[in-house]
Amino acid sequence: MDKTEALYLLSFHSGRNPDIENPKWGQGFLSSLRKYSRIDNENSFIEVMECLKVIKEDFNKNEVSRDLIADLYGIFYYTNLWIGKGGILENRLTEEERKKIDIRMKIYSYVLASLLDYSEEGWQEAIGEYEYYLLGYTNYD
């Protein structure tokens, strides 16, 4: 995946891409939650995280695209809004499903914070949490 594709995919995962007829829109991270039907969105989460790896260097600049920040923050904001108290998914998730989404958001926000801070040491630690997750482990159990 290159940077152009990563940015394109993130626009679908955030639900901000206007091409709602594109199958990628319905498979996006937020779309999988919005139309919640007992679908585990782990594949979407992994794709989002792989996109973050590709765009990492963009955060080494003094300016970052407004659209990119809107996509990244939208994923975080709406996920937490929807799974939280009073959210549209509050009574639709099992405790196990809520825990999975919560863990994914903790990892995502850690990696995102490391990108915004742009510390190589912080990035390595944060992306290590994601790689640990891929192996089936987490520090958030």
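Note that the structure is predicted; figures quoted are calculated from it, not measured.

(A) Representation of the overall build of the protein chain within the structure. Counting its regular elements, the protein chain contains seven helices and zero strands. Computed over C-alpha atoms, the radius of gyration of the protein chain comes to 15 Å, within 12% of the 14 Å expected from 2.2 N^0.38 for 141 residues, which places it in the range of a compact globule. Referenced to the eigenvectors of the C-alpha coordinate spread, the extents of the protein chain come out at roughly 40 × 35 × 25 Å. For the protein chain, the residues scored as buried account for 41% of the 141 residues in total. Of the contacts formed within the protein chain by residues at least 6 apart in sequence, a portion of 62% connects residues at least 24 apart. Only carbon and sulfur atoms are counted for the fraction: they give 49% of the accessible area of the protein chain, which is about 8000 Å². Where the 17 positive side-chain charges of the protein chain centre and where its 25 negative ones centre are 6 Å apart.

(B) How the structure looks around the packing of aromatic side chains. Taken as a whole and judged by the stated rule, the model has eight aromatic pairs. Residues Tyr 8 and Phe 12 carry aromatic rings whose centres are separated by 4.9 Å and whose planes lie at 90° to one another, so their mutual orientation is edge-to-face. Here the residue Tyr 8 and the residue Phe 12 both occupy positions in helix α1 (residues 3-13), the gap between them amounting to four residues, near one helical turn. Residue Tyr 8 is classed as partly exposed on the basis of its relative accessible area of 37%. Since its relative accessible area comes to 2%, Phe 12 is described here as buried. Clustering of aromatic rings is evident, with ring pairs tying together Tyr 73, Phe 76, Tyr 77, Tyr 78 and Trp 82.

(C) Fine view of the packing of α1 against helix α4 (residues 42-55). Between α1 and α4, the least distance of the axes is 9 Å, while the angle of their chain directions is 140°. Comparing their axes, α4 and α1 come out oblique. As α1 packs across α4, the resulting crossing turns out to be left-handed. On α4, the residues touching Lys 3, Ala 6, Leu 7, Leu 9, Leu 10 and His 13 of α1 are Ser 44, Glu 47, Val 48, Cys 51, Val 54 and Ile 55. The residue inventory of the contact of α1 with α4, partitioned by class, reads eight nonpolar, two polar and two charged.

(D) Representation of a nonpolar patch on the surface. Together, Ile 69, Tyr 73, Tyr 77, Tyr 78, Leu 81 and Leu 116 make up a nonpolar patch on the protein surface, roughly 570 Å² of accessible area in all. The element that contributes the greatest number of residues to the nonpolar patch is helix α5 (residues 66-83), accounting for five residues. By secondary structure assignment, the location of Tyr 77 is in helix α5.

Calculation rules
- Residues numbered from 1 in each chain as written.
- Predicted model: local features only at pLDDT ≥ 70, side-chain atom pairs only at ≥ 80, totals over all residues.
- Heavy atoms only, no water.
- Helix = DSSP H or I, 4+ residues; strand = E, 2+ residues; numbered from the N terminus.
- Rg over C-alpha atoms; globule rule 2.2 N^0.38 Å.
- Buried < 20%, exposed > 50% of the residue type's maximum accessible area, 1.4 Å probe, protein only.
- Contact = heavy atoms within 4.5 Å.
- Areas by Shrake-Rupley, 256 points an atom, 1.4 Å probe, with all protein chains shown as cover.
- Lys, Arg positive; Asp, Glu negative; His and termini not counted.
- Charge placed at Lys NZ, Arg CZ, Asp CG, Glu CD.
- Phe/Tyr/Trp six-rings, centres within 6.5 Å; stacked < 30°, edge-to-face > 60°.
- Axes fitted to C-alpha atoms, helices over the stretch in contact; angles between N-to-C directions.
- Parallel < 35°, antiparallel > 145°, perpendicular 65-115°, else oblique.
- Left-handed = near helix turned anticlockwise from the far one by under 90°.
- Nonpolar A, V, L, I, M, F, W, Y, C, P; charged D, E, K, R; others polar.
- Patch = residues over 30% accessible without salt bridge, like charges linked within 9 Å, V, L, I, M, F, W, Y side chains within 5 Å.
- Salt bridge = Lys/Arg side-chain N within 4 Å of Asp/Glu carboxyl O.

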